[in-house]
Amino acid sequence: MNGRYQPPSPEGFIETVNKVKYSGQRKPLLESLQTQTKDDISHEALLGACIYTNEVIGAEYYFASPEKKAGYLYDTGSELFAKMKTDVLKVSDQNPLDNKSKFIYLNHYLNYLKSDKCTLPDAEKERHIKDVTAKTKAVLKNLNLAVELLLIRPPILSVFYESFARLPEEYKKRCSPNGTWASLFGLSGHDKTRDPYVIFIQGLAEQYKFLGKSKDTEEKSVAKQDPVAIDSYNKMYSIILTMMMDIEPSYYVRSASNSIMHTLCEEITNLQDTTQMSNELKDKYLSAGTALVTDILASPPQLAMWKQKGLDKSFFTALRKQLGLQQTALQADCGTTSLRLNGLLSSLTTSATQYGVFGLVIALENSAFRNLTLGATSAVLMPEYAVICAIIFALRKQIGSYVASAVSSQVSSTITSAIKLPAKLVYCAVAGLQHLCADLEAMVAAPEEEPEWIMALHNAPADIFSEKQKQRLAKVVDIQQVQNTMSSKVKSAPKTSAMVM
């Protein structure tokens, strides 16, 4: 969990919790916490219990801060909150407690409460479960953007390859007529124009089989710096992408999801439609596909090999032409997109100049952003969405959740500058959204930096993180690989360090 909250070491942590002395009105809350230290409770679950204790206290301070502060007439804040935060959890300005860490440890605590290890009285136990669930949901709600960015990212390489290699067999299976009448009249979803692509994908899967999972005890992950692996990923992705782009225009009335092949491609790429991907990234993939096809056309041995599989030179010639037409269309679309973005940026700049930061906040939060929510499919497809998100993040980073007049003049210039940024730089500010991240190497490599966060989502109860969301997570992340990474970290971690499971 580098770069985030660093919890205290397990050694002596229970003793630290039990040493806390407090005799105020919240004493029952502390007593309940200390009672649980007598159970077979893990370090992570106990951290969650301590965090829960302070979450309960913090919720009682609607507008004031729960932080303990000395006053002229009387002190404010909670003494117990201060002791738990500083003496137990070791939270400080240098070691802040972030929402991801809260979510991870609250999940551990919730799992403990639901287990036989928890010996609290049934009524108290049920009350705790209900309250911890509510607070965990509230924390996750604050992480909605982080969750969405994770779920819409491109699949990591190992997950993508496995789906890619299964496509030919899965396509044949789904196209098989189902039922007597379907068999009699040949009512299958089989489109013969897709057959050459299926053969091509099957051949590429054999060619790039080194990208598959290792049968060794340790899971194989492709290094971010491995240019061969990344180039292979780009080439495979380009074929899937060009098929999707070829299918979509023919479904101008119905959704392209009615195409069996398009549906399979959706599952492989984690895209519902190619318009969810930036033109820059599309161009990158299509360029890789053009390079692949050009190399095949320039190599008689490769042409001979593919001919044995059932693909002659005419297929690759037509495919190269198609890739070229798609890239030309992208360049034309980029011009239209630039006009829309320039219009939006101009409008927002005018708002900032005339009404200052307050008018801009109101306009973004109450109008544009309300209409462009993360859950709205049409909004996520719009480049303007990324711009608006970037500006809102800049606002919140500069002035926090509450806008104070004292900082209005200081922030106005910052916001105006952010608005005037070129669209490409604004895209970078929300890297990952709509697959706009240009750092493909970081996206397709195994997400080793946050295995605890991923496993917390995977192991969370369904009423906190739904089964549908977990299925989406499994499409982009190799859960088994993450579990192996976690196990390796635990084995290699020194006994004196905190081990987060």
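Conventions adopted
Residues numbered from 1 in each chain as written. Predicted model: local features only at pLDDT ≥ 70, side-chain atom pairs only at ≥ 80, totals over all residues. Heavy atoms only, no water. Helix = DSSP H or I, 4+ residues; strand = E, 2+ residues; numbered from the N terminus. Buried < 20%, exposed > 50% of the residue type's maximum accessible area, 1.4 Å probe, protein only. Contact = heavy atoms within 4.5 Å. Areas by Shrake-Rupley, 256 points an atom, 1.4 Å probe, with all protein chains shown as cover. Core = buried A, V, L, I, M, F, W, Y, C linked by side-chain atoms within 4.5 Å. Phe/Tyr/Trp six-rings, centres within 6.5 Å; stacked < 30°, edge-to-face > 60°. Polar contact = N/O pair within 3.5 Å; in protein donor to acceptor, adjacent residues only side chain to side chain. Salt bridge = Lys/Arg side-chain N within 4 Å of Asp/Glu carboxyl O. Axes fitted to C-alpha atoms, helices over the stretch in contact; angles between N-to-C directions. Parallel < 35°, antiparallel > 145°, perpendicular 65-115°, else oblique. Nonpolar A, V, L, I, M, F, W, Y, C, P; charged D, E, K, R; others polar. pLDDT = per-residue confidence, 0-100.

### Quick word on the overall build of the chain
Tallying secondary structure elements over the chain gives 23 helices and zero strands in all. Here the chain holds 501 residues, and 47% of them are scored as buried. Long-range contacts, defined here as pairs at least 24 residues apart, represent 75% of the contacts in the chain between residues at least 6 apart. Accessible surface computed for the chain: about 25,700 Å², of which carbon and sulfur atoms make up 54%.

### Brief notes about the environment of Gly-77
Mapped onto the elements, Gly-77 comes out in the loop between α3 (43-59) and α4 (79-88). What makes Gly-77 partly exposed here is its relative accessible area of 21%. The spacing of Gly-77 and Gly-58 is 19 residues in sequence and 9.3 Å in space, taken between C-alpha atoms. Beyond its immediate chain neighbours, meaning those up to four positions away, Gly-77 contacts Tyr-61, Ser-65, Pro-66, Glu-67 and Lys-68.

### What to know about the nonpolar core
When a protein is soluble and globular, its nonpolar side chains tend to lie buried together. In this structure, Phe-103, Leu-140, Trp-453, Leu-457 and Leu-473 are the most contacted members of the largest nonpolar core, which totals 57 residues. With nine residues, α3 is the single largest residue contributor to this core. Beyond its immediate stretch of four places on either side in the chain, Phe-103 contacts Thr-136, Val-139, Leu-140, Leu-143, Trp-453, Ala-456, Leu-457, Ala-460 and Ile-464. Core analysis: the next-biggest nonpolar cluster, separate from the first, contains 48 residues, Tyr-171, Cys-175, Leu-204 and Leu-286 among them.

### Overview of helix α12 (residues 260-269)
Extensive coverage of α12 is indicated by the burial of nine of its 10 residues. Restricting attention to buried positions, one finds in α12 the residues Ile-260, Met-261, His-262, Thr-263, Leu-264, Cys-265, Glu-266, Ile-268 and Thr-269. Backbone geometry just after α12 places Asn-270 at a positive phi near 65°.

### Quick notes on the packing of aromatic side chains
Geometrically, a pair of aromatic rings is defined through the distance of the ring centres and the angle of the planes. Under the definition given, this model contains 15 aromatic pairs. When the centroid spacing of 5.8 Å and the interplanar angle of 75° are considered together, the rings of Phe-200 and Phe-315 count as edge-to-face. With Phe-200 in helix α10 (residues 195-207) and Phe-315 in helix α15 (residues 313-371), this pair connects stretches of sequence that are 115 residues apart. Each member of the pair Phe-200 and Phe-315 is classed as buried. Look at Phe-315 and you get buried, because its relative accessible area is 13%. An aromatic cluster is defined as three or more aromatic residues linked by ring pairs; in this entry it consists of Phe-160, Phe-164, Tyr-233, Tyr-237 and Tyr-285.

### Brief notes about the side chain of Thr-53
Mapped onto the fold, Thr-53 is located in helix α3. For Thr-53, a relative accessible area of 2% corresponds to the buried category. There is a polar contact of 2.9 Å between the side chain of Thr-53 and the backbone oxygen of Ala-49. The contact partners of Thr-53, leaving out residues within four places of it in the chain, are Leu-29, Leu-33 and Met-84.

### Some points on the side chain of Ser-238
Structurally, Ser-238 is set in helix α11 (residues 227-247). For Ser-238, a relative accessible area of 0% corresponds to the buried category. If near-sequence neighbours (up to four positions away) are discounted, Ser-238 is found in contact with Tyr-285, Ala-288 and Gly-289.

### Looking at the pattern of salt bridges
Within this structure, the stated rule accounts for 11 salt bridges. For the salt bridge of Lys-83 with Glu-79, the shortest nitrogen-to-oxygen distance reads 3.2 Å. Of this pair, Lys-83 and Glu-79 are both found in helix α4, four residues apart, which corresponds to roughly one turn of the helix. The class of Glu-79 is partly exposed, set by a relative accessible area of 38%. One network of salt bridges, with partners in common, ties together Glu-170, Arg-174 and Glu-267.

### Looking at the environment of Thr-290
The topology assignment puts Thr-290 in helix α13 (residues 279-297). Between the C-alpha atoms of Thr-290 and Leu-319, which are 29 residues apart in sequence, the distance is 8.4 Å. Side chain to side chain, Thr-290 and Gln-327 meet in a polar contact 3.4 Å long.

### A closer look at unusual backbone geometry
With phi around 60°, Lys-90 is a residue other than glycine that occupies positive phi space. Summarising the element assignment, Lys-90 is placed in the loop between α4 and α5 (99-113). Exposure remark for Lys-90: the relative accessible area of 42% places this residue in the partly exposed category.

### Looking at the packing of helix α7 (residues 144-151) against helix α21 (residues 451-459)
Two measures define how a pair of helices packs: the angle their axes make with one another and the distance between the axes. Relative to each other, α7 and α21 sit at 95°, their axes nearing to 13 Å. Here α7 lies roughly perpendicular to α21, going by the angle between them. Taking contact as the criterion, the partners of Ala-146, Val-147 and Leu-150 in α7 are, on α21, Trp-453, Ile-454 and Leu-457. Classifying every residue of the contact of α7 with α21 by side-chain character gives six nonpolar, no polar and no charged.

### What about the confidence of the model for the chain?
Summarising the model, the chain shows a mean pLDDT of 74, and 67% of its residues fall at 70 or more. Every residue in residues 215-224 is under pLDDT 50, and counting partners more than four places away or in other chains gives 22 contacts. The low-confidence segment residues 395-448, where pLDDT is below 50, has 117 contacts with residues more than four positions distant or belonging to other chains.

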